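These are the residues of each chain, in order.
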Amino acid sequence: MDQLFIIKFLIPLLWAVGFIFAPKNNQRAIKIYALLGSLVIFAYSIKLFIDMPDSTVMNELYKFSMPYFFGITYTFAMDGLSGLLLLLNAFLLIVVVIATWDIKTEKLKLYYFLIYALVWAVNGSLLVTSLYAFYIFWEAMLIPLFILVGVFGGENRRYASIKFFLMTASGSILILVSMCYMSSLAFSLNGSYDLNLEVIKSLNLSFNGFVSPQSLIFWAFSIAFFLKVPVFPFHSWLPEAHVEAPTAGSILLAGILLKLGIYGLLRFVIPFYPEAVAANRDIILYLGAIGVIYGALTAWAQSDIKKLVAFSSISHMGYIVAGVFSANEFAVKGAVFQMIAHGISTPGLFIGVHYLYGRTHTKKLDLYGGIAKVMPKFAILFFIITAGSMAVPMTCGFVGEFMITAGLFETNKMVAILAATGIILSPIYLLKMYHMTALGEISNVENNSLKDISLRETIPLVILAILTIIFGLYPKLIFSLYGGV
Amino acid sequence: MYENYLTLIPLFPLLAFLINSVLIKNKLNNVQTGLITFFGLFISFILVIILSLHVGETGPVHVKLWDWVGYKNIIFDIHFVMDELSVILSLMVTGIGSAIAFFSIGYMDHEEKIGKFFGFFALFAFSMLLLVLGENFLVMFMGWEGVGLSSYLLIGFWYEHKKNGDAARKAFIANRVGDFGLILGMIGYALVFNTISFRDLQHPDINLILQNKELLIGSSLFLLLGAAGKSAQIPLFIWLPDAMLGPTPVSALMHAATMVTAGIFLLCRVSNVIIHFPVVLDVIAWVGALTALLAALIAITQTDIKKILAYSTVSQLGYMILACGLGAFSTGMFHVFTHAFFKALLFLCAASVIYGCHHEQNIFHMGDLKKKMPITFWTFLVGLLAISGIPGFSGFFSKDEILSMAYTNPNNGIYLYSIGLVTALLTAFYMTRMLLLVFIVKPSHHEKHAHEPHESPMVMTIPLIILAILSIIAGYVGLPHLLAGHGNARLFQEFAERFVAKPIGHNILNEESEIIMTVVTTLLILLSMGLAYSIYIKNDSTKMRDRLKLKFHYLWEISNNKFKVDELYELVIIKPLYKTANILVDFVEAHIINGFVRLVAKSTVQSGDFLNQNKPEKLEVGILYIVIGLTFLITAIFNVFIFR
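Source: prediction; values computed, not measured.

## Considering the overall build of chain B
Reasoning step 1: For chain B, the helix and strand inventory stands at 27 helices and two strands.
Reasoning step 2: Here the C-alpha coordinates of chain B stretch approximately 110 × 65 × 55 Å along the principal axes.
Reasoning step 3: Evaluated residue by residue, chain B yields a buried proportion of 53% over its 644 residues.

This is the structure we're talking about:
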């Protein structure tokens, strides 16, 4: 066991605290400090991953026991799943810092502080396996994003941030209640309130019909995570939060935070409540499939590019939820892959939106048009990323969608067919987006003088585009890291 | 060694793509850029020839590159094969592809974004090679969507014009509907046979087929949907005519010769399974026959030279699908093969005409080009005779075999045969009409060209001549028994039948009736050409045309409006779907889903207000409430957590 683990684990937070002492006027120095930090965090995430002996089981990293505190222990552990998301998290931090380098704000220190605090909270929820600690980090993730949207967001930021906070926090209350119940149960069984994964497993909640402990706890957890994912019909906070959030918020929200909901389902729900999962499987599969269609259709009807991308997330996450609940190893693997793929393509789209908005100061699709002519580099990269999002084979989007569809087909053919309509619907809205931005004639005269993206702006898009293709051609890269659940 | 060749085949076009579109964007002149793609394809062509000879002697060559993912005992891997079926298609793709790449150097000489054009061209060749060389569904599907993507990119090549972008998008989405079918179909097959490899599907386990009849029939119909998407069959054919907005050489290669035949290729790949399901075969046959007829009916009144050829392609693809539905997969492949030459030829001739006439595409605005463009005229004539099925030209052999297969099919054969025959006559008619209007008829005064038409340069006419020669001789690799004697008849078909299923359940036609049938068919075709001649060339032709138009006004309208299929889809599918999407956003999302959230918020506020307004006036009452509340809460907690 690594005694220095806690120090390493605290790096993002310590780095965040560093921003408080940074010189206020030297914005460039702050940005460089932020970039350095992101690289350090990425390096240490890789180190954690490499040091992991076996990615198919939980590898304990550190144990933090508090005997005087009701015998609760905080265990830090990781497996392939949390490792992958850890890497994605750190990677997206780099992308965020580079892509939003041009941010102009008085409160730059606060901005970076919040981002780093958010990243740290995400790392925390990925690495702990004790339910209490998970709950603390889970709640801790809300606060930085809430402030990020509330302070740096668009016009309607107050409404959006409060809605986001209240809806996800109301889910947390369900977790809290269930946790209380489970801890008292654990105490009566083990004489300790500890709620580690093994303890949760040993609780063996009884299941008989809908009103039984297992069923209720299952739904409490599930709804809490569904609110985060978000699964149709719990999604109404997402489009507004995305539209109002600054780009950094959108990237992290779509790129990693939504996946934490799926992570929660995989880590704390599906393994422990088998009867309840089986009994409610069809409902959830249909919710996922409906989400695919609903998200796609609503995305299609949007006239605001950022909202379109936001609704596309609902569609993609519908696939993933259906995948993880399919009880099919292939589909679960596909869902994990899709989490990474979505964590690459959607941030890419948001970066594209950021560049467009930075130049045109509008998000209305009909005010773009013909941009490929003045911004050819951007148009090509944006297209590759769009192709990834529409799951063209040889891009990362395809692998996950294909595997999920195949696995679902074995579990429930109707759901598979419904979800597969996403194949038809995704180009409908994504090509609408691409055509209205990049193709056609320049309808808006002001767009004639737009500058193509600079080298700094190109870097994140190029990295994302390359990853899109590499993961699409050689998905084994992800699977070998992942191992299994 | 052969394995390495196989790996290299798709690699050269990929390299050309990377060079032209990533590495040295637009730094070379047009000829150099074109030559990179040309050589990328041509080297592959040579490798394909070497491999083909090897395959012909010793059998398929395999090369497995890397694993993708595994599931149970299904292996998803990147795996290429050069077998009998791939040989045919890859020869066409690289051979005709290099000819067309060469032609494009001339055709695209004034184009600015030339690097992009030849880059996408090479990307298409790469994807198409993935499609035909893929040993399993996965690699084939990668190529399948890859060609869809490059087709999208090339249709929208002149993206500044909105309608090009729209056509590209339409093509992509229609193809995606097909892909939806293909994905579900291949998953169904994979689950039944526990494999996605075509090698295993060549000799499927008959017990599995019988046990999983329903699933397989469903999956096969999904695969047919996939084939219909790529090969532009009913109900998805609408994208192909619009795809003609792309550069004409591209139309020749992708939307006529190679890409659109992928559907037939797919059916051939799974032919050994679907041959067991007469229901599926019937559906396939009818889809093909009806598409052939419908497209031919539309083609006779179109005025755009490329649109006519596009509908003629849809119609010919219908023939090929019909052949598959008759169980005669090798015959279908044979028609794919001959069609590739004469249709590429016709399209390149059209390109040459369009180039010569300074981007005029309306056949009524052309005319009398025979003298000005002699090479184009004579090669076009060869293409015309081939597609019409005049004996001696390649189209005759394949088309005749399809018709006789239909005739001898005991199941609905006579109907399918009649449809096929009528389509053949219509084909001869509209192709002759086109030839006459473009090359022979003197343009009337007001339709005179702004610029003088001219013959195309050598770089364009050489490919025309090569393709014309191939359009004549390509048929001789698959002679009917009647002509060849029994020894070397149907060489092509027998080669293909090493992989695809052999036709079953056909009555054998005796020689006499076969001769009679051929003679009668040929006479009818000539008659149909004569009819076109009398309508369009005789002195009073304009008058006669108007009279006919008046007389058959209603029919003419339907045909000229393409049976309003586009409008129908717009009305029945797209508009309602978009309406639904808007309802979802404006009503469901705004009032139900958000409404519920607001309701929760509102009720919280209002209950607070209510309590606030009705707060007890005396302190004691308030304390009483608190005590009652607390008692409830504590009892609840104890009940739930402690005394379970």
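More follows now that the structure is in view.
## Some remarks on the overall build of chain A
Reasoning step 1: Assigned secondary structure in chain A consists of 19 helices and two strands.
Reasoning step 2: A compact globule built from 485 residues should have a C-alpha radius of gyration of about 23 Å, and chain A, at 22 Å, falls within 12% of that.
Reasoning step 3: By principal-axis analysis of the C-alpha atoms, chain A measures approximately 70 × 55 × 40 Å.
Reasoning step 4: The 485 residues of chain A split such that 60% are buried.
Reasoning step 5: Taking as baseline every contact in chain A between residues at least 6 positions apart, the subset at least 24 positions apart corresponds to 78%.

## Details of the confidence of the model for chain B
Reasoning step 1: For chain B, the average pLDDT comes to 87, and 95% of its residues sit at 70 or higher.
Reasoning step 2: Reported for the predicted complex are a pTM of 0.92 and an ipTM of 0.90.

## A word on the interface of chain A and chain B
Reasoning step 1: With 41 residues of chain A at the interface, the matching set in chain B holds 38 residues.
Reasoning step 2: Within the residue set of the side of chain A that touches chain B, elements represented by two or more residues are helix 6 (157-190), helix 11 (274-300), helix 14 (371-374), helix 16 (396-411), helix 17 (413-437) and helix 19 (476-482) of chain A.
Reasoning step 3: Each residue belonging to the side of chain A that touches chain B can be placed in one class, and the counts come to 29 nonpolar, eight polar and four charged.

## Notes on the packing of helix 4 (residues 114-133) of chain B against helix 5 (residues 137-155) of chain B
Residue and element names in this part refer to chain B.
Reasoning step 1: Contact geometry of helix 4 with helix 5 gives a least axis separation of 7 Å together with a crossing angle of 155°. In this view, helix 4 runs roughly antiparallel relative to helix 5, as classed from their interaxial angle. When the axes of helix 4 and helix 5 are compared, the crossing they make is left-handed. Side by side, helix 4 and helix 5 meet where Phe120, Leu123, Phe124, Ser127, Met128, Leu130 and Leu131 of the first sit next to Val139, Met140, Met142, Gly143, Trp144, Gly146, Val147, Ser150, Leu153 and Leu154 of the second.
Reasoning step 2: Partitioning the contact of helix 4 with helix 5 into residue classes produces 13 nonpolar, four polar and no charged.

## Points about the nonpolar core
Reasoning step 1: Judged by nonpolar contacts, the single largest core of 406 residues is most densely connected at Leu322, Ala344, Leu345 and Leu348 of chain B.
Reasoning step 2: The dominant element in this core, judged by the number of residues it contributes, is helix 16 (residues 329-356) of chain B, at 18 residues.

## Some points on unusual backbone geometry
Reasoning step 1: Looking along the chain, the bond that leaves Phe232 of chain A and enters Pro233 of chain A is cis, with omega of 0°.
Reasoning step 2: Among the structural elements, Pro233 of chain A can be located in the loop between helix 8 (213-228) and helix 9 (237-244).
Reasoning step 3: At His361 of chain A, a position not held by glycine, the phi torsion is positive, near 60°.
Reasoning step 4: Relative to the helices and strands, His361 of chain A is located in the loop between helix 13 (329-360) and helix 14.
Reasoning step 5: Judged by local crowding, His361 of chain A falls into the exposed class, with 9 C-beta atoms found within 10 Å.
Reasoning step 6: In the Ramachandran plot, Ala232 of chain B falls in the positive-phi region, its phi being about 55° despite a non-glycine side chain.
Reasoning step 7: Within the secondary structure, Ala232 of chain B is located in the loop between helix 9 (213-230) and helix 10 (239-242).
Reasoning step 8: Judged by local crowding, Ala232 of chain B falls into the buried class, with 32 C-beta atoms found within 10 Å.

## A closer look at the packing of helix 10 (residues 247-269) of chain A against helix 12 (residues 305-324) of chain A
All names here are of chain A.
Reasoning step 1: Running from N to C, helix 10 and helix 12 cross one another at 20°; their axes reach a closest spacing of 11 Å. On the basis of their axis angle, the class for helix 10 and helix 12 is roughly parallel. Considering the relative orientation of helix 10 and helix 12, their crossing is right-handed. From helix 10, Ala254, Leu258, Ile262, Leu265 and Leu266 reach across to helix 12, where they touch Ser313, Met317, Ile320 and Val324.
Reasoning step 2: Classifying every residue of the contact of helix 10 with helix 12 by side-chain character gives eight nonpolar, one polar and no charged.

## Here we look at the pairing of strand 2 (residues 74-82) of chain B
All names here are of chain B.
Reasoning step 1: Pairing of strand 1 (residues 61-71) with strand 2, which is carried by nine bridges, proceeds in the antiparallel orientation. Along strand 2, the bridge assignment pairs Trp66 with Ile78.
Reasoning step 2: In sequence, strand 1 turns back onto strand 2 through a hairpin of two residues, with Lys72 there showing a positive phi of about 50°.

## Comments concerning helix 16 of chain A
Reasoning step 1: Here helix 16 of chain A spans 24 Å end to end across 16 residues, near enough to the 22 Å set by a 1.5 Å rise per residue.
Reasoning step 2: Among the 16 residues in helix 16 of chain A, 14 count as buried, and that is most of the element.

## Some points on the environment of Leu189 of chain A
Residue and element names in this part refer to chain A.
Reasoning step 1: Structurally, Leu189 is set in helix 6.
Reasoning step 2: For Leu189, a count of 12 C-beta atoms within 10 Å puts it in the exposed group.
Reasoning step 3: When the C-alpha positions of Leu189 and Val199 are compared, they lie 9.4 Å apart, and in sequence the two are ten residues distant.

## Looking at the environment of Thr518 of chain B
Residue and element names in this part refer to chain B.
Reasoning step 1: Within the element layout of this structure, Thr518 appears in helix 23 (residues 511-536).
Reasoning step 2: Thr518 sits in the partly exposed class, given 19 other C-beta atoms within 10 Å.
Reasoning step 3: Separated by 203 residues in the primary sequence, Thr518 and Ser315 place their C-alpha atoms 21 Å from one another.

Definitions and limits used
Residues numbered from 1 in each chain as written. Chains lettered and ligands numbered in written order. Predicted model: local features only at pLDDT ≥ 70, side-chain atom pairs only at ≥ 80, totals over all residues. Helix = DSSP H or I, 4+ residues; strand = E, 2+ residues; numbered from the N terminus. Buried ≥ 20, exposed ≤ 12 C-beta atoms within 10 Å, placed from the backbone. Rg over C-alpha atoms; globule rule 2.2 N^0.38 Å. Contact = placed C-beta atoms within 7 Å. pLDDT = per-residue confidence, 0-100. Nonpolar A, V, L, I, M, F, W, Y, C, P; charged D, E, K, R; others polar. Axes fitted to C-alpha atoms, helices over the stretch in contact; angles between N-to-C directions. Parallel < 35°, antiparallel > 145°, perpendicular 65-115°, else oblique. Left-handed = near helix turned anticlockwise from the far one by under 90°. Core = buried A, V, L, I, M, F, W, Y, C linked by C-beta atoms within 7 Å. Pairing = 2+ DSSP bridges. Expected span 1.5 Å × (residues − 1).

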